[in-house]
Every structure is written in C-alpha cells, then in structure tokens.
Amino acid sequence: MKLTTRLWLGVGVSVLAGAATAPAFADTAADSTDRPVQVALLAGQGGEGGEGGEGGEGGEGGEGGVDPAVAARDPAAFLTALDVIAAHYLGARDAYAAGAADAAAEMFVHPISEIYVDLEPVLAERGVPSFLKDMEDASAQAAARAPADQVAKAANGVLAKLVEAGRKAPGGVTPGVEAKVVADLVDRAARQYGTAAKETALEPYLDGYGLMLAAAARAQTALPGIEAADAAAGKELRTALQMLTQAYPTATRPAKLEAQHGQLLAQASKAKLAAARLK
C-alpha cells in the first residue's frame, strides 16, 4: 500500500532525542502577519543566505510519497506522514484568515483522502485515536465560510491531535532523524518555489508556504538537539530556513516572487548533505 502525495508534503513532526515534545505549530496564531515561530528561529544563530546559481539538486515539481508500511516501523516516516497533514492545516488556516477561502477549503480537504485514510490503520496500531471527524469539521467550516476565528480553532484542534499522535512514533527519535526530515522538508519547499514562480495562481505558492511554516515550527523544537549533535548541520538547516521564510513571507502570494530559486536549491542541498552526517 503506497500513499502518494504532491512534492511539498514530505514533512516531519519533531521529537527530540526520543522524548515527546510539543511542536510549536500547535499554539501559533492564525494571523499570517504574526509569525512567532519564524521570529524565534531567525533570532538564533545562522549565516547569511546561501550562495548558489541556477542549479542545485532536486529540480522542480515532481511527486513525494509516504509508505504506510514503512511508517509503521520507522519513526521518520511516521512523523513525516503526520506533518504532511500539518502542512495542509497550517497553510489553509493562514490562507483563510487572509481571505483566500476557496484555496483554504481545498487545502483542508486534501489530507483526508490523500493521506489520512491510508495512514489511519497505522495510527490505530500505535494507539492513536481517530481524528477524522476533527479534520472533516475544519473542512466543512471552511467550505461554509464560517468566521475566521472559528475555522482557526478547528484547524488548531487538528494540529493538537497531530502533536499527540507524534508522541506515539515507533522506536526512538534522534537529532539525526530530525535533521534528515527537516532537511527533506527544506528541499521540497525549495523545489516548490520553482513551481510557484512559473504560475500566478495562489495554490502552488500556498503549498510551499504551508511547507515552510511546518519546517519552521519543527525546527524550533528540533534545532537545539541538532545543533548540540552537530553545530555545522544546525547552521546549514537554520540558514536554509531563513531563506525560505524570506521566500514565503505571507499566506497571500506576493505580486512578484523575488527569491533566487537556484540559491534556495543550493542551500537545501547543503542542508541535506549536512543532515546526512548525523545518526
């Protein structure tokens, strides 16, 4: 059984050194102009944006996937699948608050059929109670154009369930595991930017924006452990995240996407190589 998703969906919920932590996205506000996660991230150490030409690994577009059978035994795959859902809800929540109700409603719907249905047996085996109704509620409220604060509350409820589910990850989770999932997330967000730059519609950009938000939230809890294990790897990840935060400034698509795609790809490649050193 294979769960296939769009490129931007490969994200990982953070758990440090085998201990369950509360990912930062559970408590962030729905207002996309108020970014406590990014502010906290950028306040830490890290260099200037990475150098690089129109190259780098990964390319544009493409498919990503999560195999539920692997997620049942591998903590990175398990956490990745959960954050796939989180990325949808983070992006949709902010988009709805910004007035992009149609795009938000579509994003709320996607993870139900694309991800959760196939993943639910794995979650049940790990002792995670079903939260399908919570997901359907958020989607229904957005489709019905409920008040923004009500939709945000429903989305935050799903995010809180994802936090709890993350505590049931199989096996131990090391800083190395977290570094790899964050690096993969960064790489996908960087590639998605190339797709968004070729179009004027909001949706491709919003995909990358949601991925970036999830990456920043995971990094806020994961980076201390990663940096303690390998300071250089932490620096590369932090720099990549800084660049992505600038590339995706708000839930509403800027009139012109000004980040250099080649530089994003190059820094993402550096982050992946650095993360691969950790165990």
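Procedures and definitions
- All residue numbers here refer to positions counted from 1 along the written sequence of the relevant chain.
- Only residues with pLDDT of at least 70 are given local features in this predicted model, and only at 80 or more are side-chain atom pairs given and counted; all residues enter the totals for whole chains, interfaces and linings.
- Side-chain measures were taken over the full set of non-hydrogen atoms in the model, leaving aside hydrogen atoms and water.
- Here a strand is any run of E in DSSP of at least two residues, a helix any run of H or I of at least four, and the numbering for each starts at the N terminus.
- Categorising residues by exposure relies on relative accessible area from a 1.4 Å probe, with only protein chains included: less than 20% of the type maximum marks a residue as buried, more than 50% marks it as exposed, and the intermediate range marks it as partly exposed.
- Should any heavy atoms of two residues lie within 4.5 Å, those residues are counted as being in contact.
- In these tables, accessible area is a Shrake-Rupley quantity obtained with a 1.4 Å probe, and a residue counts as shielded only by the protein chains included in the view.
- One confidence number per residue, pLDDT, is output by the predictor and ranges from 0 to 100.
- A fitted line through C-alpha atoms serves as each axis, taken over the contacting stretch for helices, and the angle formed by two N-to-C directions is quoted from 0 to 180°.
- In these notes the angle categories are as follows: under 35 degrees is roughly parallel, over 145 is roughly antiparallel, 65 to 115 is roughly perpendicular, and the rest is oblique.
- Whether a crossing is left-handed or right-handed is set by the direction in which the near helix is turned from the far one by less than a right angle, anticlockwise for left-handed and clockwise for right-handed.
- Asp, Glu, Lys and Arg are counted as charged, while Ala, Val, Leu, Ile, Met, Phe, Trp, Tyr, Cys and Pro are counted as nonpolar; the rest, among them Gly, fall into the polar class.

1. Some thoughts on the overall build of the chain
Argument step 1. Scanning the chain from N- to C-terminus turns up 10 helices and two strands.
Argument step 2. Reading the helices (α) and strands (β) of the chain from amino to carboxyl end gives β-α-β-α-α-α-α-α-α-α-α-α.
Argument step 3. Split into buried and exposed, the 279 residues of the chain put 57% on the buried side.
Argument step 4. Nonlocal contacts in the chain, meaning residues at least 24 apart in sequence, comprise 86% of its contacts between residues at least 6 apart.
Argument step 5. Of the roughly 10800 Å² that the chain leaves accessible, carbon and sulfur atoms contribute 53%.

2. Observations regarding the confidence of the model for the chain
Argument step 1. When pLDDT is averaged along the chain, the result is 80, and 76% of the positions lie at 70 or above.
Argument step 2. Confidence, expressed as mean pLDDT per element, reaches its minimum in the chain at strand S1 (residues 3-6) with 38 and its maximum at helix H9 (residues 231-247) with 97.
Argument step 3. For residues 1-22, every residue scores under 50 in pLDDT, and the model assigns this stretch 101 contacts once sequence neighbours within four places are set aside.
Argument step 4. Across residues 28-63, confidence stays below pLDDT 50; counting only partners more than four residues off in sequence or on other chains, it has 91 contacts.

3. Remarks on the packing of helix H3 (residues 75-97) against helix H6 (residues 148-166)
Argument step 1. In the contact formed by H3 and H6, the axes pass within 10 Å of each other and the chain directions differ by 170°. In terms of axis orientation, H3 runs roughly antiparallel to H6. Handedness of the H3/H6 crossing: left-handed. Residues Phe 78, Leu 79, Leu 82, Ile 85, Ala 86, Tyr 89, Leu 90, Arg 93, Tyr 96 and Ala 97 of H3 lie in contact with H6, whose contacting residues are Ala 148, Val 151, Ala 152, Ala 155, Asn 156, Val 158, Leu 159, Leu 162, Ala 165 and Gly 166.
Argument step 2. For the contact of H3 with H6, a count of residues per class yields 17 nonpolar, two polar and one charged.

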